[in-house]
Amino acid sequence: NIDIRKYNLDKHTFIVWYKTAFYSFYLSVALAMRMCGVPDVYEINGKTIEAYKEADRILIPMGEFFQVQDDYLDYHGTEAEISKIGTDR
């Protein structure tokens, strides 16, 4: 049994950040960057680039938006519309 009273926006944000934004979006790209030898910091045309901070800045919000959309579709979409059985109802 789940006590829905324990669920709040902070809990949702925590889950979304670690479940989707960090794990699925940022970490997969950061690991690929590391394996390809992308340095932590480098310069282009005199501008310092912090590649992993830039990836974080872009990918964490992208993961959050993705998860919110996925949750919405799970709740409101039919199996035929979303090609899966949503578990958020």
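Structure: above.
Figured I'd write up the structure that's included with this text. (Residues numbered from 1 in each chain as written. Predicted model: local features only at pLDDT ≥ 70, side-chain atom pairs only at ≥ 80, totals over all residues. Heavy atoms only, no water.)

1. A few points about the packing of aromatic side chains
So, step 1. Tallying each qualifying case throughout the model produces 5 aromatic pairs.
So, step 2. Seen from their ring centres, Trp17 and Tyr18 are 4.7 Å apart, and the 70 degrees between their planes marks the pair as edge-to-face.
So, step 3. Relative accessible area serves as the criterion here: at 46%, Tyr18 is assigned to the partly exposed category.
So, step 4. Aromatic side chains Trp17 and Phe22 sit 5.2 Å apart centroid to centroid with 15 degrees between the ring planes, which places their arrangement in the stacked category.
So, step 5. According to the relative accessible area criterion, Trp17 is partly exposed, its value standing at 25%.
So, step 6. With relative accessibility at 26%, the residue Phe22 sits in the partly exposed group.
So, step 7. Put simply, the rings of Phe14, Trp17, Tyr18, Phe22 and Tyr26 pair up and form one aromatic cluster. (Phe/Tyr/Trp six-rings, centres within 6.5 Å; stacked < 30°, edge-to-face > 60°. Buried < 20%, exposed > 50% of the residue type's maximum accessible area, 1.4 Å probe, protein only.)

2. Quick look at unusual backbone geometry
So, step 1. In this structure, Asn45 takes a positive phi of about 50 degrees despite not being glycine.
So, step 2. Within the secondary structure layout, Asn45 lies in the loop between strand S1 (41-44) and strand S2 (47-50).
So, step 3. Owing to a relative accessible area of 80%, Asn45 belongs among the exposed residues under this scheme. (Helix = DSSP H or I, 4+ residues; strand = E, 2+ residues; numbered from the N terminus.)

3. Brief notes about the packing of helix H1 (residues 9-35) against helix H2 (residues 51-76)
Two quantities define a packed helix pair, namely the angle between the helix axes and the distance between the axes.
So, step 1. Running from amino to carboxyl end, H1 crosses H2 at an angle of 135 degrees, the nearest separation of the two axes being 8 Å. Taken together, H1 and H2 sit at an angle that is classed as oblique. As H1 packs across H2, the resulting crossing turns out to be right-handed.
So, step 2. Residue composition of the contact of H1 with H2, by class: 17 nonpolar, 4 polar and 5 charged. (Axes fitted to C-alpha atoms, helices over the stretch in contact; angles between N-to-C directions. Parallel < 35°, antiparallel > 145°, perpendicular 65-115°, else oblique. Left-handed = near helix turned anticlockwise from the far one by under 90°. Nonpolar A, V, L, I, M, F, W, Y, C, P; charged D, E, K, R; others polar.)

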